[in-house]
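# Summary of the model geometry
These are the residues of each chain, in order.
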Amino acid sequence: MKKFFIHTFGCQMNVYDSERVAVMLAEKGWEYTENAEEADLIIINSCSVREKPLLKLYSCAGRYLPLKKSKGLRIFIMGCVAQQLGGEIIEKIPYIDGVFGPGAEDMIPDVAEKGVFPFVSNKADSLEREEIFPARSKGSFFSPYSSYVTVMHGCNNFCSYCIVPFVRGREISRKSAVILDEIKKLVDSGIQEVTLLGQNVNSYKDPENGKTFAALLHEISEKTALKRIRFITSHPKDFGEELAQAFRDIPNLMPYLHLPAQSGNNRILKLMNRRYTVENYIEKMELARKYCPDIALSSDFIVGFPGETREEFEDTMKLVDLVGYDSIFAFNYSPRPFTKAEKMTDDVPEEEKFARLNELLDLEKRRLKEVRGRYLGRTVNVLVESESPKGDTFMGRSEHNLIVHIAGSIASDKGKIVPVKVVEILENTMRGEKVVSQPE
Ligand code: SAH
Ligand code: SF4
Ligand code: F3S
């Protein structure tokens, strides 16, 4: 049987797309392998949100060149760099056989069988499609217990630094009936937790009946046997009462909200075209806490945006200090093609960007010790997913989306939600003990 291997960069949407392609290939008789050396087809799912992942793509493709030479296998590139560069990829890396933008990925199985090479498809209008998941349920592909489901793709926001609207096209929502059907199949195959994906889930709108995102969450909770629901990402300008209330009213919606602030300074937020002020943002955080006092908050930040002064960066530090996030993701600004910010002078020196990034991450490291201190001694519920890297215990995620290593866990706990008493807070994870209920 012919084998394929997929290497995925970038965000959860790419993970979902890799899974879609994997299922389609499996339906055509291909076998998935975790070992590139065994593969007849290597697919790289690429990300272009910053320059670093783009460079990674080139080095990754280079790593597979010896295999290409010795075995004659095929190498395909899919995802956002494929959309951005199209045929240029073949000019840069002539041994690539296929380039598929996100709207062309459904063609991969056909092209793999009978394509004329090199094959390139990245037309912008093909981005405006309705995603179809093959009839066979997936579940078993990358994680047997937790899965992603894209509810909308594309983005209409055009934040001035961001390439996503250019490589993913305009916002398109999937029909809620199709989403529900997909989730039911996942539940039947053993999935306990689904994370709903969109660049801006607040603007979800069912194309058939206009249902909102909050209504979709209620429906999923009521009509499926899913144990846990999560979602990313919500845009602060659109986050409102209805969604905040969902955290109070939907028992299986997990208490975790990723609401990316990007900066703590109003002049920079305006230049970023984020369309909210720091004051609005703080109000949204308070709104989330009003309905779910124990909610875990997280955010993305960009440091060294064009023209960002030291004082403006310090406003970001103040915001992180004030909010008390459970976790943050921070990035050095990276100019991207097509974007408005690319035309602004990238004037914060690289060393200064790194210095700001480290300062911000150091502050968060100190801050999260206090914030996560609230879990110490508490019993949290953990969906056990896999062996801990050291192999002595099993691990999984708590309701608040934190990884917990569980003393006393056994292999048969995998796939179950077990109560765990938290005994230690580590830098990125927590350690706890499985709570065994005493017989009466
Ligand atoms: N739709 C999501 C995020 C998409 S991209 C949202 O709006 O929050 C993920 C993160 O990458 C962004 O939140 C931002 O922090 C970061 N990012 C995007 N473009 C970037 C750039 N040009 N340079 C540095 N970081 C960037
Ligand atoms: Fe990019 Fe902004 Fe859209 Fe997020 S909301 S994907 S940061 S343009
Ligand atoms: Fe990267 Fe594309 Fe996601 S650019 S962050 S993989 S939408």
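Residues numbered from 1 in each chain as written. Chains lettered and ligands numbered in written order. Predicted model: local features only at pLDDT ≥ 70, side-chain atom pairs only at ≥ 80, totals over all residues. Heavy atoms only, no water.

### Observations concerning a nonpolar patch on the surface
Nonpolar side chains collect at one region of the surface, where Phe158, Phe166 and Phe338 lie side by side and expose about 260 Å² of accessible area between them. Residue position: Phe166 is located in helix α7 (residues 164-168). Overall, the relative accessible area of 33% leaves Phe166 in the partly exposed class. (Patch = residues over 30% accessible without salt bridge, like charges linked within 9 Å, V, L, I, M, F, W, Y side chains within 5 Å. Areas by Shrake-Rupley, 256 points an atom, 1.4 Å probe, with all protein chains shown as cover. Salt bridge = Lys/Arg side-chain N within 4 Å of Asp/Glu carboxyl O. Helix = DSSP H or I, 4+ residues; strand = E, 2+ residues; numbered from the N terminus. Buried < 20%, exposed > 50% of the residue type's maximum accessible area, 1.4 Å probe, protein only.)

### Considering the packing of helix α8 (residues 176-188) against helix α9 (residues 213-223)
Packed helix pairs are specified by the crossing angle of their axes together with the interaxial distance, meaning the distance between the axes. Taken N-terminus to C-terminus, the directions of α8 and α9 make an angle of 35°; their axes are 11 Å apart at the nearest point. α8 and α9 meet at a crossing whose hand is right-handed. Residue-level contacts link Ser176, Ile179, Leu180, Ile183 and Lys184 of α8 to Leu216, Glu219, Ile220 and Lys223 of α9. Looking at the contact of α8 with α9 residue by residue, the class counts come to 5 nonpolar, 1 polar and 3 charged. (Axes fitted to C-alpha atoms, helices over the stretch in contact; angles between N-to-C directions. Left-handed = near helix turned anticlockwise from the far one by under 90°. Contact = heavy atoms within 4.5 Å. Nonpolar A, V, L, I, M, F, W, Y, C, P; charged D, E, K, R; others polar.)

### Some points on the sheet that holds strand β12 (residues 256-258)
One open sheet holds the 3 strands; their spatial order is β12-β13-β14, and the pairing between them is parallel. Pairing within the sheet leaves two strands with one partner each, and these edge strands are β12 and β14 (327-332). Sheet twist, expressed as the mean angle between neighbouring strand axes with direction ignored, is 15°. (Pairing = 2+ DSSP bridges.)

### Details of α8
Taking 1.5 Å per residue as the helical rise, α8 with its 13 residues ought to reach 18 Å, and the 18 Å between its terminal C-alpha atoms agrees with that figure. Inspection of α8 places Ser176, Ile179, Leu180, Glu182, Ile183, Leu186 and Val187 among the buried residues, and these make up the whole buried set. Seen along its axis, α8 keeps its buried residues to an arc of 165°; they face one direction. On its buried face, α8 sits against α1 (12-27), β7 (146-150), β10 (193-197) and α9. Two residues or fewer after α8 comes Gly190, characterised by a positive phi angle close to 110°. (Expected span 1.5 Å × (residues − 1). Arc of directions from axis to C-beta.)

### Quick word on the nonpolar core
Counting 70 residues, the largest nonpolar core has Leu196, Phe213, Leu217, Phe231 and Tyr325 as its most contacted members. Ranked by residue count, the leading element in this core is helix α12 (residues 278-291), at 6 residues. Residue contacts for Phe231: discarding those within four places in its chain leaves Thr195, Leu196, Val201, Phe213, Leu217, Leu243, Phe247, Leu253 and Leu257. Ranked by size, the runner-up nonpolar core spans 25 residues in total, among them Cys60, Ile75, Ile89 and Tyr95. (Core = buried A, V, L, I, M, F, W, Y, C linked by side-chain atoms within 4.5 Å.)

### So, the sheet that holds strand β2 (residues 31-32)
Strand order across the open sheet formed by 6 strands is β2-β1-β3-β4-β5-β6, with parallel pairing between neighbours. The outermost strands of the open sheet, each flanked by one partner alone, are β2 and β6 (119-121). Two elements, strand β1 (residues 3-8) and β2, share 2 bridges in a ladder whose sense is parallel. Across the sheet, the residue bridging to Lys3 is Glu31, located in β2. Of the strands in this sheet, β1, β3 (41-46) and β4 (74-79) touch α1, which is tilted by about 175° from β1. Across the sheet, helix α2 (residues 51-63) is in contact with β1, β3 and β4; its angle to β3 comes to roughly 170°.

### So, the environment of Thr150
Secondary-structure assignment places Thr150 in strand β7. Judged by its relative accessible area of 1%, Thr150 falls in the buried class. Sequence separation between Thr150 and Phe166 is 16 residues, and the spatial gap between their C-alpha atoms is 18 Å. Once you skip the residues sitting within four places of it in the chain, Thr150 turns out to touch Met13, Tyr16, Glu131, Arg174 and Leu197.

### Thoughts on the site of ligand 2
As a structural note, the neighbourhood of ligand 2 is formed by Cys155, Asn157, Phe158, Cys159, Tyr161, Cys162, Val164, Pro165, Gln199, His235 and Arg274. For the shell around ligand 2, a count of residues per class yields 7 nonpolar, 3 polar and 1 charged. (Near = heavy atom within 4 Å.)

So yeah, pure geometry; function would need other evidence.
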